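Inside the fold
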Amino acid sequence: MEHYNMNLTLKVWRQKNKDDRGQFETYQVKNISSEMSFLEMFDVLNEELIRDGKDPITFDHDCREGICGACSMYIDGRPHGPWQANTTCQLHMRAYKDGDTIVVEPWRAQAFPVIKDLMVDRTAFDRIIQAGGYISINTGNPVDANAIPIEKDKADLAFANAACIGCGACVASCKNSSAMLFVSAKVSHLALLPQGDPERKDRALNMIAQMDKEGFGGCTNTGACEAVCPKEISISNIARLNSEYLRAGFTVDK
Amino acid sequence: MLNSRIPAGPLENKWTDYKGHCKLVNPANKRHIEIIIIGTGLAGASAAAALGELGYKVKTFCFQDSPRRAHSIAAQGGINAAKNYQNDGDSVFRLFYDTVKGGDYRAREGNVHRLAEVSANIIDQCVAQGVPFAREYGGLLSNRSFGGTQVQRTFYAAGQTGQQLLIGAYQALERQIALGNVIQYSRHEMLDIVKIDGKARGIIARNLVTGELERHFGHAVLLCTGGYGNVFYLSTNAMGSNVTAAWKAHVKGAYFGNPCYTQIHPTCIPVSGDHQSKLTLMSESLRNDGRIWVPKKQGDARKASEIPEEERDYYLERRYPAFGNLVPRDVASRAAKERCDAGFGVGTSKQAVYLDYADAIQRYGKIECRKLGINNPDAETIRKQGVAVVKAKYGNLFDMYEKITGENPYEVPMRIYPAVHYTMGGLWVDYELMTTVPGLYCLGEANFSDHGANRLGASALMQGLADGYFVIPYTIGNYLADDIRTKPIPTTDPAFEAAEKEVRARIERLMGIKGKQTVESFHKRLGKIMWDKCGMARNEKGLQEAIVEIQQLKKEFWSDVRIPGGVLEMNPELDKANRVADFIELGELMCKDALNRRESCGGHFREESQTEEGEAMRDDNNFQYVAAWEFKSDSSWELHKETLEFEVVKPSQRSYK
């Protein structure tokens, strides 16, 4: 892989706090190596800003290996930037060339208020999980792990949905700011397993109710969420969520 | 005098006896007892869920925006459990034995045996929560092997076992939040412990969004705050992973155990330049199928594909035929360093070795063709089938490698090099996981207890969940049973006031420096000192120099650091400055501990103490003890020794040949 250096123009959203109106600021960054990660490029910029006595850009990040789900930049109109199945922290600068201009914004959704600059509040996701995204079992009760065999295909599918990292890119990409992909991934993960079966009706109803309460929009099947999901969660889960919801709403067993 | 409070009696009965005799708190009293938990990784989230279920009033704190993002999430390879599902000779005793041996006979037998005993319960618990472990076609759980063992006891979920286990614990925690048993404080950082009458009774935390300081009372405080690998600046830890909570506890009286025991993981993506902010691990599970090699010729500049088979040195297979590429981490790391230092390294930096999947692709490809009934398959078909198998097993790891390096590991061998990964050292705890401060507990990677001087792969997740789900729910009752008459102490108590004042003064002092150098630049310099002189190989002269350099760095930090912004706002640079200041102090203690331990053991390699073949040489006569350091004053510690007694396993020179 050939390495090269580049100079770039960055247009970054700056907002002091949730009440501030916010605006774009333009920055020039020089000698950025194609081997750097996108966030390392921000580190370089922030070090310069601090040396110049300015306020560095605040953004969420932690593991920097694409699994914690903290990073959340909306880059040139796309959550997590141009690469498929990728998080911002795993985006590397060889995706860009000398002279490029890059526009970076926070996730934008009513349910994700901006805390500062590129950092948003995603605690709405925690509250949706609290509404039912679990299996109600206390510690110490379970039977032997191999007592209930699970079809490999089903287990693999449950795993594919459990791979959701809760980053919120699906919401950020959606014109309705819908959280349906996130909710459907959790509902599917648990509904596909025999352990999750006893609570599946309440789970679907309660998680959807909480999702609406948080101010996320409805789903109109555009598919933007699936296209940007770093973990490639399938939109077919939304169909499963709808059927879980209908089944729960139309059938009574109490 | 340090008392580890290991129960008397035969090893295999200790934990059962303890559980049968420890004090209990009745449910009506649990409702009135408050517990504070710092950190929401595997240890913290599982402890919070388990204690909430029991009926205690729990408060959890994490610096991330959600408890689900704690760094346990990044664990890749798997979790060990003595289930013996594979009928390959595994047992509780063997897991115990492997762990003690793997730790180079520097762990407590009692703790490790308990860990092995509860390991099977963890798997049951996780499956019941809906953790989607890998399965075989028959529907039962799948296993693989990991370094330092000869059985298949590792349960896994592709290359993201940590994420799946943490989501399981996080869901259990969120359920307790929904039930009102736990209150969660995200984006909060603990900045001090509050002690009243010698007991831990609360914390001072900073709300990272508003910058305000908060006081929280608890009958007991649990630190589940992970390891301190970021003292090296570059490590596989998350950017936010830090030692601050543990360090504050240390300064307030909790002894620090074996701070110099650091795990350098052999298979990480090499450093690419000065801009590097962190290192990425490639799971140890890759050593199941990958082969590690360097050219036989020094300074060989040819591409890997141009180096014929007979000119490759599969040095792990050569040196350790019994375990081959699956030797424990400390051994594999040192062997890689030895080859690179001797001039056999590969890649532009020459600080890398190859991890090659060509053989595995061939082997799996042939098996697949046989399974599919393809007779006399051509090379391309074999390769295609083999790649498909490797992809199914390790696909996400290979993708990650390609994203970072821009190279396709299905085509060319991966380049890897050791990197700081885990810290076996941590706050000293007794059998009940209590530190030397009554009422202050420490769980998971943050404590020192189970891994000795080297941790085996897939054992960190096991320990975090063992401590949280199955140990602390019993041991904390034994303490709290005597505390049922203690009413909640109002946070207007002078002890809270004094602690908050101290925290405020330190923040003001930091902000008032208004120097020229950034926090990051200090952290990088500290990391370089630590890596060069307290890293994979250590010697007396280097360590003495490091101590002087760190003391100098500390002076410079406190007189020239520049922190932008204000206090009462979201200010990540201030958060980082607080953490780096603590890392600097820890760095000095690590060097002092490494200097004191004039033997090699596990991850701690003193150049002065090695066998003729360059293996770590222990000195059991003089160093068969846990070094527990008591903080006295700035740059001054007193050493306390806990002698390690081995009643069952006989320490010997570790051999993987």
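Numbering of residues starts from 1 in each chain and follows the order in which that chain's sequence is written. Chain letters and ligand numbers both follow the written order, the letters beginning at A and the numbers at 1. Note on the predicted model: pLDDT of at least 70 is required for a residue's local features to be given, and 80 or more for side-chain atom pairs to be given and counted; whole-chain, interface and lining totals, by contrast, use all residues.

**Describing the overall build of chain A**
Under the convention used in this document: The numbering of helices and of strands both runs from the N terminus, where a helix is a DSSP run of H or I of at least 4 residues and a strand a run of E of at least 2. Residues are defined as contacting one another if the C-beta atoms placed from their backbone atoms lie within 7 Å.
Summing up its helical and strand segments, chain A has 8 helices and 7 strands in all. Its C-alpha atoms put chain A at 65 × 45 × 35 Å along the principal axes. Nonlocal contacts in chain A, meaning residues at least 24 apart in sequence, comprise 70% of its contacts between residues at least 6 apart.

**Some remarks on unusual backbone geometry**
Residues and elements named next belong to chain A. In the Ramachandran plot, Ala 85 falls in the positive-phi region, its phi being about 45 degrees despite a non-glycine side chain. Here Ala 85 shows up in the loop between β4 (78-79) and β5 (101-105). One non-glycine residue, Ser 177, lies in the positive phi region at around 50 degrees. Relative to the helices and strands, Ser 177 is located in the loop between α4 (169-173) and α5 (180-191).

**A short note on the interface of chain B and chain A**
Each side of the interface is counted separately: chain B has 64 residues, and chain A has 63 residues. Top element by residues in the side of chain B that touches chain A is helix α6 (residues 161-178) of chain B. It accounts for 9 residues.

**Comments concerning the confidence of the model for chain B**
To keep things clear, this is the line we draw: The pLDDT score gives, residue by residue, the confidence of the prediction method on a 0 to 100 scale.
With 100% of its residues at a pLDDT of 70 or more, chain B shows a mean pLDDT of 96. The complex prediction reports pTM at 0.97, with the ipTM value standing at 0.98.

**Digging into the sheet that holds strand β5 (residues 182-185) of chain B**
Residue and element names in this part refer to chain B. Using the following cut-off: Should DSSP find at least two bridges between two strands, the strands are taken to pair. Helix axes are fitted to C-alpha atoms over the stretch in contact, other axes to C-alpha atoms as well, and angles between N-to-C directions run from 0 to 180 degrees.
Within the open sheet, the 5 strands sit side by side as β5-β2-β1-β9-β17. Their pairing is parallel. Since the sheet does not close on itself, it has two edges, and those belong to β5 and β17 (440-442), each with one partner. If you compare each strand with its neighbour and ignore which way they point, the axes differ by 20 degrees on average. Sheet topology note: the strand β1 (residues 34-38)/strand β9 (residues 220-223) ladder contains 4 bridges and is parallel. Across the sheet, the residue bridging to Ile 35 is Ala 220, located in β9.

**What to know about helix α2 (residues 123-130) of chain A**
Given 3.6 residues per helical turn, the α-helix brings residues three or four places apart onto the same face. Stated precisely, the cut-off is as follows: As a rule, residues whose C-beta atom has 12 or fewer other C-beta atoms within 10 Å are exposed, those with 20 or more are buried, and those in between are partly exposed; C-beta atoms are placed from the backbone.
Among the 8 residues in α2 of chain A, 6 count as buried, and that is most of the element. Where the residues of α2 of chain A are buried, they touch α5 and α6 (200-213) of chain A together with α6 of chain B.

**Topic: the pairing of strand β14 (residues 353-356) of chain B**
If a strand is regular, its side chains alternate between the two faces of the sheet. Residues and elements named next belong to chain B. Residues Val 353 and Leu 355 of β14 are buried on one face, and the alternating residues Tyr 354 and Asp 356, pointing to the opposite face, are buried as well. Two strands pair when backbone bridges link them, and strand β12 (residues 291-295) and β14 are joined in this way by 3 bridges, in the antiparallel orientation. By the bridge assignment, Arg 291 is partnered in β14 with Asp 356. Across 3 bridges, β14 lies against strand β15 (residues 414-423) in antiparallel orientation.

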